[in-house]
There are 2 protein chains.
Amino acid sequence: MTNIVSGNSLAEVAALIGDPARANILQALADGRALTAGELAWHAGVSAQTTSGHLAKLTEAGFIALAKQGRHHYFRLASPEIATAMEALMIVAANGPRRYRPTGPKDQAMRTARTCYDHLAGWLAVTLADRLSARQFIVLSDGAAAVTEEGHRFFRDFGLELDEPKNTRPLCRTCLDWSERRSHLAGQLGAGLCQRCLDLGWIKRGRDSRAVTFTPLGIEGFRDTFGITLP
Amino acid sequence: MTNIVSGNSLAEVAALIGDPARANILQALADGRALTAGELAWHAGVSAQTTSGHLAKLTEAGFIALAKQGRHHYFRLASPEIATAMEALMIVAANGPRRYRPTGPKDQAMRTARTCYDHLAGWLAVTLADRLSARQFIVLSDGAAAVTEEGHRFFRDFGLELDEPKNTRPLCRTCLDWSERRSHLAGQLGAGLCQRCLDLGWIKRGRDSRAVTFTPLGIEGFRDTFGITLP
DNA sequence: CGAATGCTTCGGCCGCGGCCGAAGTGTTCG
DNA sequence: CGAACACTTCGGCCGCGGCCGAAGCATTCG
């Protein structure tokens, strides 16, 4: 007799992500947007039939959700937990030894700035966390972060209202960045900052990728408001 | 041309966990202890030769580390990130729909109390977090936690010295529990609490499992110190 | 020294699962 | 309507990779 407890379900879930085509599909959906089966087939790099099979598996497992709209089938990640698990795996992958990883231009853009479900990631996000920390707007510690009094004022000026939980200091999660290997901001603050930057027209989401691009307005804004000079 | 960026490495890492035998091996190592190849073969439920192959793959990928000691080969997880990724996958597995999951007695013990790398998990850990929160020793919010002034005094009385980071409130990470689907304490505080309970002889680590058992002293201690009555 | 133990390497079997071509549903056009 | 399009289902091919038996190294005994 073996000591299997729920090892099977761990393996099942991991195996589902462990296929290249499915991993590409999930990564394409990682920013939370919904894509059609056809678009996902392109991302996956396999035929439409094969993709359909993968999508059925992912849907049945509860990884993705389907919304039918006319003759298009839109798929999106079913929960943020999926994205979290993928990021956790990316961190392991990034820490791994001499893994062959060719670096293309798209990869470079991803490393500079990308979305991670509902918040920002990459160089921009890590630098942002640094600056906010240096100016005492947030306090980073042991995998979590707190917003200070001055921070609340600053974010309010920036156009962000943060819910004040109960009687105490509000917190925002940190999220380890796979490309930078340091923390960036997630949680309510991370999501709010990302949304606000989009609303202000500072950044734009890429069409086929999670990478985001900067508008001239954004370059100016990040410099003046956060003291960040883009590379 | 497809849009593959590092999708391959995500798939590679996930596929490595995605085999039942390897998943069992990794779960057996999840509490941070080092086990021999033979013990791992038993946990994996496959022959020694097959296990050897799996261990070689996991080692090469940087998932586990090998320490040779006489004719025994001791393997342990190479980094906490691996454990984190596994927990993230377990959460996804637990949230999934009608996944067939037979529940044995060992499984029940695991759900009650187990170790998760360096801290406690399961019913005990979740209840502990609840009690500490109710008594205002810690403040939980949005995936993170802060220790209050009173909390510091309480933990010091309990025999735990927490490093005070810089000039501000220290934080301890929370970690989503796959069996309870709620937060328990990780980070410095979580690790410290677990170690202190072990030192006090309140709990003991199981021989073949991550489940922990309670001593009579522990049953008394958890009741008197934390107000927790064991089921 | 030879036998026993712990682990790894080698070789070959075999089945699961990913893949595509072809055909089948449902939707939107002109 | 019928044609074009988006997607799924079916059937069959095929190769990767997990598995074990047997043999090969190390280490520790008596």
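What counts, and where the lines are drawn
Residues numbered from 1 in each chain as written. Chains lettered and ligands numbered in written order. Predicted model: local features only at pLDDT ≥ 70, side-chain atom pairs only at ≥ 80, totals over all residues. Heavy atoms only, no water. Helix = DSSP H or I, 4+ residues; strand = E, 2+ residues; numbered from the N terminus. Buried < 20%, exposed > 50% of the residue type's maximum accessible area, 1.4 Å probe, protein only. Contact = heavy atoms within 4.5 Å. Areas by Shrake-Rupley, 256 points an atom, 1.4 Å probe, with all protein chains shown as cover. Near = heavy atom within 4 Å. Polar contact = N/O pair within 3.5 Å; in protein donor to acceptor, adjacent residues only side chain to side chain. Nonpolar A, V, L, I, M, F, W, Y, C, P; charged D, E, K, R; others polar. Salt bridge = Lys/Arg side-chain N within 4 Å of Asp/Glu carboxyl O. Disulfide = S-S within 2.5 Å. Arc of directions from axis to C-beta. Pairing = 2+ DSSP bridges. pLDDT = per-residue confidence, 0-100.

Going by the annotation in an unreviewed UniProt entry, the name recorded for chain A is Metalloregulator ArsR/SmtB family transcription factor, with Taklimakanibacter albus given as the source organism.

S.K.: If you had to explain the overall build of chain A to someone new, which residues and values would you point to?
M.R.: When you go through chain A residue by residue, the secondary structure sums to ten helices and eleven strands. Counting the 231 residues in chain A, one finds 52% classified as buried. Looking at chain A alone, contacts between residues at least 24 apart form 57% of all its contacts between residues at least 6 apart. Carbon together with sulfur atoms contributes 51% to the accessible area of chain A, which is approximately 10,400 Å² in total.

S.K.: Explain the protein's contact with DNA strand D to me, and be specific about the residues and the numbers.
M.R.: Around DNA strand D there are 21 residues in total, and Gly-38 and Ser-52 of chain A together with Gln-49, Thr-50 and His-54 of chain B lie nearest to it. Put simply, 71% of the atoms of DNA strand D that lie within 4 Å of the protein are in sugar or phosphate. The side chain of Gln-49 of chain B places a nitrogen or oxygen atom 2.5 Å from a base nitrogen of DNA strand D. Residue Lys-57 of chain B places a side-chain N or O atom 3.3 Å away from a phosphate oxygen belonging to DNA strand D. If you list the elements that add at least two residues to the surface near DNA strand D, you get helix 3 (37-44), helix 4 (48-60) and strand 3 (72-77) of chain A together with helix 2 (20-28) and helix 4 (48-60) of chain B. At four residues, the largest contribution of residues to the surface near DNA strand D is made by helix 4 of chain B. Grouping the amino acids of the surface near DNA strand D by side-chain chemistry returns five nonpolar, eleven polar and five charged.

S.K.: Give a detailed account of the pattern of salt bridges, specifying residues and quantitative values.
M.R.: Any two side chains of opposite charge can pair, so long as their charged atoms come close to each other. Residue and element names in this part refer to chain A. Per the counting criterion, the structure on display carries seven salt bridges over all chains. We note a salt bridge from Asp-31 to Arg-33, for which the minimum N-O separation is 2.9 Å. A salt bridge links Glu-87 to Arg-210; its shortest N-O distance comes to 3.2 Å. Here Glu-87 is found in helix 5 (residues 80-95), whereas its partner Arg-210 is found in the loop between strand 10 (203-205) and strand 11 (212-214), with 123 residues between them in sequence. Its relative accessible area of 6% is what places Glu-87 among the buried residues.

S.K.: Describe the state of the cysteines, with residues and values.
M.R.: Residue and element names in this part refer to chain A. What the rule picks out here adds up to zero disulfides over all chains. Cysteine Cys-194 remains unbridged, with the sulfur of Cys-197 as its closest cysteine sulfur at 7.0 Å. On the basis of relative accessible area, Cys-194 is assigned to the buried category, the value being 3%.

S.K.: Summarise helix 3 (residues 37-44) of chain B; cite the residues concerned and give the values.
M.R.: All names here are of chain B. Within the span of helix 3, buried status applies to Leu-40, Ala-41, His-43 and Ala-44. Taken down its axis, helix 3 places every buried residue within 160° of arc, on the same side. Residues of helix 3 that are buried sit in contact with helix 2, strand 1 (35-36), helix 4 and strand 3 (72-77). Looking one or two places after helix 3, you find Gly-45, whose phi comes out positive at around 80°.

S.K.: I'd like a rundown of the sheet that holds strand 3 of chain B, residues and numbers included.
M.R.: Overall, antiparallel pairing links the three strands, which are arranged 1-3-2 (chain B) in an open sheet. Single-partner strands in this sheet number two, and they are strand 1 and strand 2 (64-69) of chain B.

S.K.: How would you summarise the confidence of the model for chain A if you had to cite specific residues and measurements?
M.R.: All names here are of chain A. Considering every residue of chain A, the mean pLDDT works out to 84; 84% of them sit at 70 or more. Model confidence for chain A, summarised as mean pLDDT per element, is weakest for strand 8 (residues 171-176) at 61 and strongest for helix 4 at 97. Note that residues 1-7 has pLDDT below 50 and, in this model, 19 contacts with residues that lie over four places away or in other chains.

S.K.: Mind laying out the protein's contact with DNA strand C, listing which residues take part and the relevant values?
M.R.: Taken together, 21 residues sit near DNA strand C, with Arg-22, Gln-49, Thr-50 and His-54 of chain A together with Gly-38 of chain B positioned nearest. Counting only atoms of DNA strand C within 4 Å of the protein, the fraction found in sugar and phosphate groups is 70%. In the environment of DNA strand C, a sugar or linking oxygen lies 3.2 Å from a nitrogen or oxygen atom belonging to the side chain of His-73 of chain B. Contributing elements (two or more residues each) for the surface near DNA strand C: helix 2 (20-28) and helix 4 of chain A together with helix 3, helix 4 and strand 3 of chain B. Among the elements that line the surface near DNA strand C, the one with the most residues is helix 4 of chain A, at four residues. Taken together, the residues of the surface near DNA strand C break down into five nonpolar, eleven polar and five charged.

S.K.: Break down the environment of Ala-191 of chain B for me, with residues and values.
M.R.: Residues and elements named next belong to chain B. Counting through the fold element by element, Ala-191 comes out in helix 9 (residues 187-199). Distance in space between the C-alpha atoms of Ala-191 and Thr-115 is 9.8 Å, their sequence separation being 76 residues. Apart from the residues within four sequence positions on either side, Ala-191 is in contact with Asp-118, His-119 and Ala-186.

S.K.: So what about the pairing of strand 2 (residues 64-69) of chain A? Which residues, and what values?
M.R.: All names here are of chain A. The pairing of strand 2 with strand 3 spans six bridges and is classified as antiparallel. Considered in strand 3, the bridge of Lys-68 is made with His-73. Linking strand 2 back to strand 3 in an antiparallel pair, the connection comprises two residues, with Gly-70 at a positive phi of about 65°.

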